[in-house]
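# Examining the three-dimensional arrangement
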Amino acid sequence: MIILAVSTCLWSCQDDDPTPTVVEEPDWKLELVENDPEPEWEMPESGIYQFSMTGIMKLSDFLEGYADETDEVSAFIGNECRGVVKAQEYNGEKLFFLYIRGNSAEKQKVTLKYYSAKNKKLYVCNELFDFVQNGTYGKISDPAIPPFEESGKYPEAMTATVALTESLPFEQRDKDILAAFVGNMKEGSEAALNALTLVFPVQMLMVAVGIGTGVGTNALLARTLGQGNSKKAAKVAGNSLFLGVIIYAVCLLFGIFGVKAYISSQTVDPEVISMGTGYLRICCVISFGIIFFSLFEKLLQATGRSLYSTIGQVVGAVVNIILDPIMIYGIGPVPEMGVEGAAYATVIGQVASAVLLFIFHMKLNKEFAHGTKYMKPEGGIIKEIYSIGLPAIIAQALMSIMVYVMNLILKFSPSAQTAYGLFYKVQQFVLFLAFGLRDAITPIIAFSYGMGSKNRIKDGMKYGLIYTIVLMVLGVAITEIFPGAFATLFNAGQSREYFIGAMHIISISFLFAGINVAYQGIYQALDGGIESLVISLLRQLVIILPLAGIFSIFVRNGQMGVSLIWWAFPITEFIACLAGYVFLKRIWCMKRREK
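Residues numbered from 1 in each chain as written. Predicted model: local features only at pLDDT ≥ 70, side-chain atom pairs only at ≥ 80, totals over all residues. Heavy atoms only, no water.

### Here's the deal with the overall build of the protein
Note the threshold: By definition, any uninterrupted DSSP run of H or I lasting at least four residues is a helix, any uninterrupted run of E lasting at least two residues is a strand, and each is numbered from the N terminus. Exposed residues in this analysis have more than 50% of their type's maximum accessible area, buried residues have under 20%, and partly exposed residues fall in between, with area computed by a 1.4 Å probe over protein chains only. The contact criterion used is simple: two residues touch if any of their non-hydrogen atoms lie within 4.5 Å. Per-residue and other accessible areas follow the Shrake-Rupley method at a 1.4 Å probe size, with only the shown protein chains counted as cover for residues.
A tally of regular secondary structure across the protein gives 17 helices and eleven strands. The proportion of buried residues among the 595 residues of the protein is 45%. A fraction of 75% describes how many contacts in the protein between residues 6 or more apart in sequence connect residues 24 or more apart. When the accessible surface of the protein is totalled, it reaches about 30700 Å², and 61% of it is carbon and sulfur.

See the structure below:
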């Protein structure tokens, strides 16, 4: 949301109080540029390249307004600088006469770069051109104007024409200021955003360990109940809570002793270090909420009470949403806490969810006994839990690794990075449907496996896959038909075309991705933790990242468009789906022989 604010002396609108209310002049600062280091471009040595071409260019009117005599334009072919020049005055214009060196058979296209000393910003031309022996790019009579694209903090802009109504309850003056805010941005908000970015991997790792342990507990508990072994089921539940205590102890120690070193390893900005350390320390020290919520959620799902785990999730989310503005900005008796307020709101919501699910677990899970005596660790049970849960932990951790590396691959185009980030949100929304069905079919199949009922296992696999396919087809249809609506919803701006292109291509992968997620749930129910891990590795590391990296080479060379990279996703999911089918046939044959 964009908020417009006017600074002036505001008069009270109350008829019974004609006294003007005076406010202090705000200290609004415009910080639009994230500084880039000055590049050290060097001309290639003479004699290395046989030929050259000439570029005659000038800056756009916008960039010309910030031009400086020390500004430089360079030409790159691949990663090699092939020419550097400063602007010269010619007939009243500042022109760049750039000599670009090369060989007769250059396969890669020429990329232009411009560094603005005044803006401290590096701009890259988003239109590449071929190296032509003795050719020209632009003319003296008609200089080329390269469409340089800024990759800074705010590469997009909009223009707003605002007319103030004549009936305003104050007098307009020449020194009045009109400002635009995105959200409720205050000083330090950029440092806060940076800090939250740095803590994200640790947060995801905590969630991964908690969920992975819960997944292993879920499948083992459901299978044990299916076998009618309530005593072992009580030990499975108790050992999972013991593991939760150990996980929390590790997070607590890291929160006390390791947080500052972790944040400091990624930045030297003292403000970011302070914010990041404060936020992550709170999340780690009070991490028992997210850890035990993950465990109680899976304990309820294992006994067929998924509705109650959903209630716990909703309650935690609502508490978080309510507390966020109160604790961040300070409302009522609560002091303003900024980033630390966001952390407290998050962990309080998690604790609320965990407490509610603990009550549900104690009141409703009557299939097995409860008590601290069942928390005594047993190596065999812990091994069984992690034989299933470890692949889930790795799978969760792989998600953040994949997103990080994909951002590195797309680094050459900030718009493509933005488009991928936006699409990732849409993708997760669609795949949550598959995740929900996976969590439903895993205990059903595990219970049937424990009973030794082949028909119920086959029905669980059959209907689980059918329902998943139906939901994924629906997801594909929505994203294919309404990509423009999603682009408008996310205010995609300059990345709109990239985003729509990504929607059309990557959404094809939803069908195969949903099936792969269902396969993983089936594997986990049938003791196929390794197969589940292999599918995760194929989908999020082994195939997708090398394939996207190879495709990006063709894109950076100008031989293909960015859409080629998007095709890596459906190709990866399709190959993983074929491998998943082979694994399923093999596991099913093995289980049939065992029985």
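### Points about the packing of helix 5 (residues 288-302) against helix 6 (residues 306-329)
Each packed pair of helices is defined by two parameters, the angle between the axes and the distance between the axes. We count it as follows: Lines are fitted to the C-alpha atoms to define the axes, a helix being fitted only along its stretch in contact, and any angle between axes, read from their N-to-C directions, falls within 0 to 180 degrees. Under this scheme an angle from 65 to 115 degrees is roughly perpendicular, one under 35 degrees roughly parallel, and one over 145 degrees roughly antiparallel; angles in between are oblique. Helix crossings are classified by the rotation of the near helix relative to the far one: an anticlockwise turn of less than a right angle makes the crossing left-handed, while a clockwise turn makes it right-handed.
The interhelical angle for the contact between helix 5 and helix 6, taken along N-to-C directions, is 155°, at an axis separation of 7 Å. One finds that helix 5 runs roughly antiparallel with respect to helix 6. In this structure, helix 5 meets helix 6 at a crossing whose hand is left-handed. Judged by residue contacts, Phe293, Glu297, Leu300 and Gln301 of helix 5 engage Ser306, Tyr308, Ser309, Gly312 and Gln313 from helix 6.

### A short note on the sheet that holds strand 9 (residues 136-137)
Put simply, the test is: Any two strands with at least two DSSP-identified bridges between them are counted as paired.
Strand order across the open sheet formed by four strands is 5-6-2-9, with mixed pairing between neighbours. Each of the sheet's edge strands pairs with one partner strand only, and the pair in question is strand 5 (88-90) and strand 9. Pairing between strand 5 and strand 6 (residues 93-102): three bridges, direction antiparallel. Within the sheet, the bridge partner assigned to Glu89 lies in strand 6 and is Lys94.

### Here we look at the packing of aromatic side chains
Test applied: Only the six-membered ring of Trp is used, alongside the rings of Phe and Tyr, when aromatic pairs are assigned; centres must lie within 6.5 Å, and planes under 30 degrees apart are stacked while those over 60 apart are edge-to-face, with the rest tilted.
Under the criterion given, the structure shown has 14 aromatic pairs. On the basis of an interplanar angle of 70° and a centroid distance of 6.4 Å, the ring pair of Phe96 and Tyr114 is categorised as edge-to-face. Placement of Phe96 in strand 6 and of Tyr114 in strand 7 (residues 110-116) is noted, with a sequence separation of 18 residues between them. Since its relative accessible area comes to 0%, Tyr114 is described here as buried. With 6.2 Å between their ring centres and 20° between their planes, Tyr519 and Tyr523 make a pair best called stacked. With Tyr519 and Tyr523 both in helix 13 (residues 509-525) and four residues apart, this pair spans about one turn of that helix. Just as Tyr519 is buried, Tyr523 falls in that class too.

### Brief notes about the pattern of salt bridges
Pairing is possible between side chains that carry opposite charge, provided their charged atoms lie close to one another. Our working definition: Should a side-chain nitrogen of Lys or Arg be within 4 Å of a carboxyl oxygen of Asp or Glu, the pair is scored as a salt bridge.
Evaluated as defined, the whole model comprises twelve salt bridges. The closest approach of N and O atoms between Glu384 and Lys232, which form a salt bridge, is 3.2 Å. Here the residue Glu384 occupies a position in helix 8 (residues 379-409), and Lys232 occupies one in helix 3 (residues 230-264), the gap between them amounting to 152 residues. Classification of Glu384 as partly exposed rests on a relative accessible area of 26%.

### Some words on the packing of helix 6 against helix 7 (residues 338-364)
The cut-off we apply is this: All residues other than Ala, Val, Leu, Ile, Met, Phe, Trp, Tyr, Cys, Pro, Asp, Glu, Lys and Arg, Gly among them, are scored as polar; the first ten of these are nonpolar and the last four charged.
Axis separation between helix 6 and helix 7 bottoms out at 8 Å; the angle between their running directions is 155°. Judged by the inter-axis angle, helix 6 sits roughly antiparallel to helix 7. The chirality of how helix 6 crosses helix 7 is right-handed. A per-class count over the contact of helix 6 with helix 7 returns 16 nonpolar, ten polar and one charged.

### Thoughts on a nonpolar patch on the surface
Under the convention used in this document: Like charges within 9 Å and nonpolar side chains (Val, Leu, Ile, Met, Phe, Trp, Tyr) within 5 Å are joined into patches, using only residues over 30% in relative accessible area that form no salt bridge.
A cluster of nonpolar side chains, Ile508, Trp567, Ile571, Phe574, Ile575 and Leu578, forms an exposed patch at the surface whose accessible area comes to about 510 Å². Note on placement: Trp567 falls in the loop between helix 16 (563-566) and helix 17 (568-594).

### Quick look at the nonpolar core
Here is the rule: The set of buried Ala, Val, Leu, Ile, Met, Phe, Trp, Tyr and Cys residues whose side-chain atoms join them within 4.5 Å is what this entry labels a nonpolar core.
Residues Met406, Phe499 and Trp566 are the most contacted members of the largest nonpolar core, which totals 111 residues. When residues in this core are grouped by element, the largest group, 15 residues, is from helix 9 (residues 414-451). Core analysis: the second largest hydrophobic core is formed by 22 residues, Ala75, Tyr123, Cys125 and Ala144 among them.

### Here we look at unusual backbone geometry
Notably, Asn91 is not glycine yet its phi reads approximately 50°, a positive angle. Here Asn91 is to be found in the loop between strand 5 and strand 6. In this model, Asn134 sits at a positive phi of 60°, which is unusual for a non-glycine residue. By secondary structure assignment, the location of Asn134 is in the loop between strand 8 (121-125) and strand 9. Note on Asn134: relative accessible area 61%, which makes it exposed.

### Structural notes on the side chain of Gln427
Within the secondary structure layout, Gln427 lies in helix 9. Setting aside residues up to four positions removed in sequence, Gln427 forms contacts with Ile506 and Phe510.

### Some thoughts on the pairing of strand 4 (residues 80-86)
Of all seven residues in strand 4, five are buried, a share of seventy percent or more. In this sheet, strand 4 lies alongside strand 3 (residues 72-77) in antiparallel orientation, the contact comprising six bridges. Of the residues in strand 4, the one forming a bridge with Ala75 is Gly83. Linking two consecutive strands that pair antiparallel, namely strand 3 and strand 4, is a turn of two residues; a positive phi of about 70° is found at Gly78 within it.

### Structural notes on the side chain of Lys298
Mapped onto the fold, Lys298 is located in helix 5. The exposure class assigned to Lys298 is buried, which follows from its relative accessible area of 3%. The contacts of Lys298, once residues within four sequence positions are left out, are Gly214, Val215, Asn218 and Asp439.

### Considering helix 10 (residues 454-481)
Counted only if it meets this: Here a helix's expected span is defined as the number of its residues, less one, multiplied by 1.5 Å.
Counted at 1.5 Å a residue, the expected span for helix 10 with its 28 residues is 40 Å, and the 41 Å between its end C-alpha atoms agrees. Taken residue by residue, helix 10 has Ile457, Gly460, Met461, Gly464, Leu465, Thr468, Met472, Gly475, Val476 and Thr479 as its buried positions.

### Observations concerning the pairing of strand 2 (residues 51-57)
Counting buried residues in strand 2 gives five out of seven residues, a clear majority hidden from the surface. Bridge count between strand 2 and strand 9: two bridges; the pairing is parallel. Bridge pairing in strand 9 places Gly55 opposite Tyr137.

### Thoughts on the environment of Ile466
Mapping Ile466 onto the fold places it in helix 10. We classify Ile466 as partly exposed; its relative accessible area is 38%. When the C-alpha atoms of Ile466 and Ala518 are compared, they prove to be 9.9 Å apart, with 52 residues separating the residues in sequence.

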